[in-house]
Amino acid sequence: MTELAPKYDPRAVEEGRYQTWLDEDLFKPSGDKKAHPYSIVIPPPNVTGKLHLGHAWDTSIQDTLIRFKRMQGYDTLYLPGMDHAGIATQAKVEEKLRKQGQDRHQLGREKFIKQVWDWKDEYASIIKSQWGKMGLSLDYSRERFTLDDGLSKAVRKVFVKLYEEGLIYRGQYIINWDPKLETALSDIEVIHKDDNGAFYHINYPLADGTGSVEIATTRPETMFGDTAVAVAPGDERYKDLVGKELILPLVGRHIPVIEDQHVDPDFGTGLVKITPAHDPNDFLVGNRHNLQRINVMNDDGTMNEQAGKYAGMDRFDCRKALVEDLKNEGYLLKIEPIVHSVGHSERSGVQIEPRLSTQWFVKMKPLADKVLSNQKEDDKVNFVPERFEGTLEHWMENVHDWVISRQLWWGHRIPAWYNKKTGEMVVQEEAPKDIENWDQDNDVLDTWFSSALWPFSTLGWPDEEAADFKRYFPTNALVTGYDIIFFWVSRMIFQSLHFTKRRPFENVVLHGLIRDEQGRKMSKSLGNGIDPMDVVEKYGADSLRWFLLNGTAPGQDTRFSYTKMDSAWNFINKIWNASRFVIMNLPEDAAAAHMPDVDTFDLSDKWIFDKLNRVVKKVTRLFDEFQFGEAGREMYNFIWNDFCDWYIEISKVALNGTDEILKKHKQDNLVWILDQILRLIHPIMPFVTEKLWLSMPHNGKSIMVASYPVAHPEFENHVAEQDMEFLIEIIKAVRNIRMEVNAPMSSAIDIMIQLDNSKDKHILLDNRDYVENFLHPKSLVVDTNVVAPKLAKSAVIAGAQIFVPLAELVDLSEEIAKMDKEIDHLQEEVKRCKAKLANKGFVDHAPEAVIEKEKAKQADYESQLAGAVQRLKELKESN
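For clarity, every value in this text was computed on a predicted model and none was experimentally measured.

1. A few points about the overall build of the chain
In step 1: If you tally the helices and strands in the chain, you get 28 helices and 29 strands.
In step 2: In summary, the chain has a C-alpha radius of gyration of 37 Å against a globular reference of 29 Å for 879 residues, an excess of more than 25%.
In step 3: Overall size of the chain, expressed as C-alpha extent along the three principal axes, is 115 × 65 × 50 Å.
In step 4: Across the 879 residues in the chain, those meeting the buried criterion constitute 55%.
In step 5: Considering only contacts within the chain whose residues lie at least 6 apart along the sequence, 78% involve residues at least 24 apart.
In step 6: Summing over all exposed atoms, the chain offers an accessible surface of approximately 38,900 Å²; the carbon and sulfur share of this is 48%.
In step 7: In the chain, 109 positive and 138 negative side-chain charges are present, and the distance between their average locations comes to 1 Å.

2. Here's the deal with helix 25 (residues 768–775)
In step 1: For helix 25, the set of buried residues is Tyr770, Val771, Phe774 and Leu775. All buried residues of helix 25 fall inside an arc of 100° around its axis, so they share one side.
In step 2: Remark: His776 follows helix 25 within two positions and exhibits a positive phi of approximately 45°.

3. Examining the environment of Val830
In step 1: With respect to the element layout, Val830 can be found in helix 26 (residues 812–838).
In step 2: Distance from Val830 to Glu95, taken between C-alpha atoms, is 68 Å for residues 735 residues apart in sequence.
In step 3: Beyond its immediate chain neighbours, meaning those up to four positions away, Val830 contacts Tyr861, Glu862 and Leu865.

4. Notes on the nonpolar core
In step 1: Ranked by size, the top nonpolar core spans 143 residues in total, and within it Leu544, Met635, Phe643 and Ile753 carry the most contacts.
In step 2: One finds Val41, Ile414, Trp488 and Val508 within the second-largest nonpolar core, a separate group that totals 58 residues.

5. Comments concerning the UniProt feature "short sequence motif: 'HIGH' region" (unreviewed entry) in the chain
In step 1: Here, UniProt's "short sequence motif: 'HIGH' region" (unreviewed entry) annotation points to residues 45–55.
In step 2: Strand forms 0% of residues 45–55 and helix 27%; the C-alpha atoms that close the span are 8 Å apart.

6. Brief notes about unusual backbone geometry
In step 1: Residues Val384 and Pro385 are joined by a peptide bond in cis, for which omega reads 0°.
In step 2: Among the structural elements, Pro385 can be located in the loop between strand 15 (382–384) and helix 11 (388–397).
In step 3: Of note, the bond from Phe473 into Pro474 is cis; its omega dihedral lies within 30 degrees of zero at 0°.
In step 4: Position of Pro474 among the secondary structure elements: in the loop between helix 14 (467–472) and strand 22 (475–481).

Cut-offs applied
Residue positions within a chain follow its written sequence, with the count starting from 1. This being a predicted model, a pLDDT of at least 70 is required before a residue's local features are given, and a value of 80 or more before pairs of side-chain atoms are given or counted; all residues contribute to the totals for chains, interfaces and linings. Derived side-chain values reflect all non-hydrogen atoms in the structure, with water molecules and hydrogen atoms excluded from consideration. By the criteria applied, helices consist of DSSP H or I runs no shorter than four residues and strands consist of E runs no shorter than two, each listed in order from the N terminus. For the radius of gyration, the atom set is restricted to C-alpha positions; the globular benchmark scales as 2.2 Å times the number of residues to the power 0.38. Throughout this description, buried means an accessible area under 20% of the type-specific maximum (1.4 Å probe, protein chains only), exposed means over 50%, and partly exposed covers the range between. Whether two residues touch is decided by their heavy atoms; if any such pair falls within 4.5 Å, the residues are in contact. Computed with a 1.4 Å probe, the accessible areas rest on the Shrake-Rupley method; for each residue, only the protein chains presented here act as cover. His is not counted, nor are the chain ends; Lys and Arg add positive charge and Asp and Glu add negative charge. A single reference atom marks each charge: NZ on Lys, CZ on Arg, CG on Asp, CD on Glu. Directions pointing from the helix axis toward each C-beta atom define the arc. We call a set of buried residues a nonpolar core when its members are Ala, Val, Leu, Ile, Met, Phe, Trp, Tyr or Cys and they connect through side-chain atoms within 4.5 Å of each other. UniProt positions are given in the numbering used here, feature names are shortened, and annotations may be inferred rather than shown by experiment.

What follows is the structure, given as structure tokens:
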């Protein structure tokens, strides 16, 4: 046994412990082939920077599940890894270079990539250090990175296979373009914000000189790419215009007036300019009418030679100059200010530019259909909470083809090569043997393309005979935020179904966002971000993990506050003090915790062991249902209220007594319960439970490989539970009376207890030691026909009334007022119960156990009400 410090010090407890676990290889799978496998692959954090509170939340849940299942005897694998995060990491390194007066083009591709690898190594080291501080039981011998050789092989295989199946194609299409990073973006990398803009109403003259038409646009700078003006089919206003030509203002080029179903005749003027190279809807119109596609911008968002004298100008500067020229030339009719939703790059923040570009795409419909079909099968992916399955299905039902090429240098190069002489293209996993005759595609793949393979590529796929893939795939749980369903969860599901024919994980456990105390999202701009390592430094990892696990229900946001962290620390300190008390009261030769003998139990033992059974059953079920907040509340109430506040206090009677046999039984029981508590809560609080467990008599090298608690039928004792609760209620009632009249425990008082039922008398008489110790009576009267004194403090509980004759201290009118108030309260409770039980909807749909519980509540309140009414009558008669 180890002597514990008087106060919980997280730094002292956690220092060096993680390295010890690593040295003892405790994080690796057990290798027991008879055990059921249980696996989680960590959602790989981006190597863009340090981890935030959201990562801490993710990983605390994952590690809790792994530790729980490990203790239950599962062969567990918690696999670590990181994501190269192409566009995000390249943006960070380019920003760093800009501050040094350099850019990637000056360095060249090879030297720039070396800079990014240096960045990756620096932040990977920081992230691993943070994982250690959080206590994550990761098997580092299996650590993966999305650009390592194995994952790169998987990426190439998937790309080539999809290409051969016709599900990857290269073509021109309108994509989201980031002019700052000069790369394509997928739809879900675009954030829409409300911006101040305007409708610019412009006159387009008819080429035959018979007049002009009014066109409204929010992007006049794209007019250099106009190749038609469209009207709705059958629009009577413009039937004479169809087939005629207009003159493009300031340009002079002739463009036709066409009919197309894209046009809404009730919107604006009913005339729409068609710019096929700069609008996705116009692109489709152009395809239907075989219109020319004219791109008017360079990659960096400046105007190209198609813009004439405006060439070289920034797109927004061009807009201003162009509008001024249109005004001066008489083409501008009016400017109508509006607020409209505009797409911005998630990474750079700049306004994206829809533009025509040659890119690589994944044809999504066949892949999405597989997901939708599989969600109707037994092998479906289960969402927790279930409502988020609808989010997945909605996205899959409305999916667009996925642009997967990025004009970046950091990432997986697209495995396509072009012959330098003939222009022939080949798509294959490895470079052509005569590589000197070929140029590889310059683009890289979207980050999500490789991370979509994460659950199976990390386990050895595409080698389907790989030991880890055969043993641990599909994985058991994916834990992540609900905001990433589109980005990542959906893509892992369709890639896994397509390539492994199985779901990637059994369950998706979704949590919300961590907000500040005011409910705001944490961000740099608000300056309200919290570094989880600062929290760990002050409160310890166990406190942070307890807050994160205990703070919310699945799918819900939570608010971080230091008040909550204080509460978490206080709870651990309570456990620390309880453990210290138990250990200090053990003999030097105390044996390790062992199954107690129920034949030696007194009432308090029967009660606490029945309570322990109940909490073990509930916590185990709630962990399996991912209801960590509810599990935390069960553990908290049992540890703080039942064990610490009552059982330990009751145990002091025997521990301080002279009966050595009784004392030994109580010591054994305390050790067993504490041992079970530490095991029960270990998955959430790994550091402090390990320290306390190793400080006790024990039979193992680490609590993390000890067995998780199970319920024992011999501990079930509902009668003892009821009897002890009755005794506790009497003790609490007398204590409250003492407080009201300022009668300290050192002063003996007369106590009279009127019982509703004579069978309850034995509870008090058989536990006289507890009554003496906790009530300190001068005299004690317990019966069913107690004559209450005229002047006394009183309390009513279910099944009894308590009277404390304190004539000199009691104000009779005050006592009557108090009893009036109590009767009002009890009448309201009885009324509420009756209304609930009279509600047909409740009675028809609630489980039988819930209905019976409500009936029992009503009976209790009615019993207390009858006692209170009788007492009020007696008080009034005495007045």
